[in-house]
Amino acid sequence: MIVWLNGTHGAGKTTTSALVQRLIPDSRVFDAEKVGETLMDITPGLPGTDNFQHWPPWRPLVVETARRVLDYTGGTLVMPMTVLVEQYWREISAGLAQHAIPVRHFVLHADQDTLRGRIEGDTVLGPSPFRLKYLEPYAEAARTWLHSEAEVVDTTHLTPAQAALQIAEAVKS
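A quick note: this is a predicted structure, and the numbers were derived from the prediction, not measured.

Attention now goes to the nonpolar core. Formed by 50 residues in total, the largest nonpolar core has its most connected members in Ile2, Trp4, Trp58, Met79 and Ile167. With residues near it in sequence (within four places) discarded, Ile167 still touches Val3, Leu5, Thr16, Val20, Phe106, Leu108 and Val153.

This part is about the layout of surface pockets. Empty space within the largest pocket amounts to approximately 990 Å³. Looking at the largest pocket, it is lined by 38 residues, and the ones nearest its centre are His9, Gly10, Lys13, Thr82 and Arg131. Sorting elements by how many residues they give to the lining of the largest pocket places helix H1 (residues 13-23) first, with four residues. Considered class by class, the residues forming the lining of the largest pocket number 16 nonpolar, 14 polar and eight charged.

Once that is clear, we can look at the pairing of strand S1 (residues 2-6). Most of S1 is tucked away, with five of its five residues classed as buried. What you see with S1 is no split at all: Ile2, Trp4 and Asn6 on one side and Val3 and Leu5 on the other are buried throughout. Across four bridges, the pairing between S1 and strand S3 (residues 76-80) is parallel. Directly across from Val3, in S3, lies its bridge partner Val78. Relative to strand S4 (residues 103-109), S1 is paired through five bridges, and the arrangement is parallel. Of the residues in S4, the one forming a bridge with Asn6 is Val107.

In the contact formed by helix H5 (residues 112-120) and helix H7 (residues 135-149), the axes pass within 11 Å of each other and the chain directions differ by 145°. For the element pair H5 and H7, the recorded crossing hand is right-handed. Facing H5, whose interface residues are Gln112, Leu115, Arg116 and Ile119, H7 presents Leu135, Glu136, Tyr138 and Ala139. When grouped by side-chain class, the residues that make up the contact of H5 with H7 number five nonpolar, one polar and two charged.

On to the packing of aromatic side chains, then. All chains considered together, the criterion is met by three aromatic pairs. Here the aromatic rings of Trp4 and Trp89 are separated by 5.1 Å at their centres, their planes lie at 80°, and the arrangement is edge-to-face. Here Trp4 is found in strand S1, whereas its partner Trp89 is found in helix H4 (residues 86-98), with 85 residues between them in sequence. Across the ring face of Tyr88, the terminal group of Arg59 is positioned such that the distance to the ring centre comes to 4.0 Å.

Right, let's get into the packing of helix H2 (residues 33-40) against helix H3 (residues 58-73). Contact geometry for H2 and H3: axes closest at 9 Å, N-to-C directions at 130°. With respect to each other, H2 and H3 are oriented oblique. Read as a crossing pair, H2 and H3 show a hand that is right-handed. Residues Val35, Gly36 and Leu39 of H2 touch H3, and the partners they reach there are Trp58, Leu61, Val62 and Thr65.

About the criteria used
Residues numbered from 1 in each chain as written. Predicted model: local features only at pLDDT ≥ 70, side-chain atom pairs only at ≥ 80, totals over all residues. Heavy atoms only, no water. Core = buried A, V, L, I, M, F, W, Y, C linked by side-chain atoms within 4.5 Å. Buried < 20%, exposed > 50% of the residue type's maximum accessible area, 1.4 Å probe, protein only. Contact = heavy atoms within 4.5 Å. 1 Å grid on protein atoms, 1.4 Å probe; cavity = no way out; pocket = protein on both sides within 12 Å on 5 of 7 lines; lining within 4 Å. Points joined across faces, edges and corners; volume = space filled by probe spheres on them. Helix = DSSP H or I, 4+ residues; strand = E, 2+ residues; numbered from the N terminus. Nonpolar A, V, L, I, M, F, W, Y, C, P; charged D, E, K, R; others polar. Pairing = 2+ DSSP bridges. Axes fitted to C-alpha atoms, helices over the stretch in contact; angles between N-to-C directions. Left-handed = near helix turned anticlockwise from the far one by under 90°. Phe/Tyr/Trp six-rings, centres within 6.5 Å; stacked < 30°, edge-to-face > 60°. Lys NZ or Arg CZ within 6 Å of the ring centre and 35° of its normal. Parallel < 35°, antiparallel > 145°, perpendicular 65-115°, else oblique.

See the structure below:
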């Protein structure tokens with residue numbers, strides 16, 4: 001099984017995924033961003049883009065990597081990854097379905113002011129124009145398709161531990 005934690009930057013996906021992993025027996029965290037980083041390391045580089053998700057190989061490589069890891073280890077993969085383009089989510093979820101891999105899709109949500117405050121106050125990564133530019137695309141995806149495709153966990157007033165417990169309990173039920 002895959003527990004996919006979606007949502008924009010600042011929602012708490014990375015922090016929450018590590019906590020969810022501790023609450024779900026036989027689970028591992030697989031950050032699909034590492035697949036994108038691998039593609040970014042190709043030299044000479046792939047065609048220019050502002051987001052590795054736009055590269056056509058990224059989506060099937062995420063599916064194939066997740067499938068191979070699950071075939072090898074079994075259990076559950078907890079995957080913290082923002083996917084805001086509906087077509088990309090459809091490609092990934094259809095690819096996983098072709099391999100009969102069940103997916104529990106959660107969106108970690110917070111209001112725009114909370115997200116902006118988290119991004120601007122991030123003491124690890126620092127304020128990030130890259131992360132801030134995804135606030136409006138996230139809001140648009142949430143309005144048009146994302147929230148109807150997933151279980152929404154509003155993290156505005158939750159700690160990461162509370163969000164992780166809510167997700168783990170939902171997965172176990």
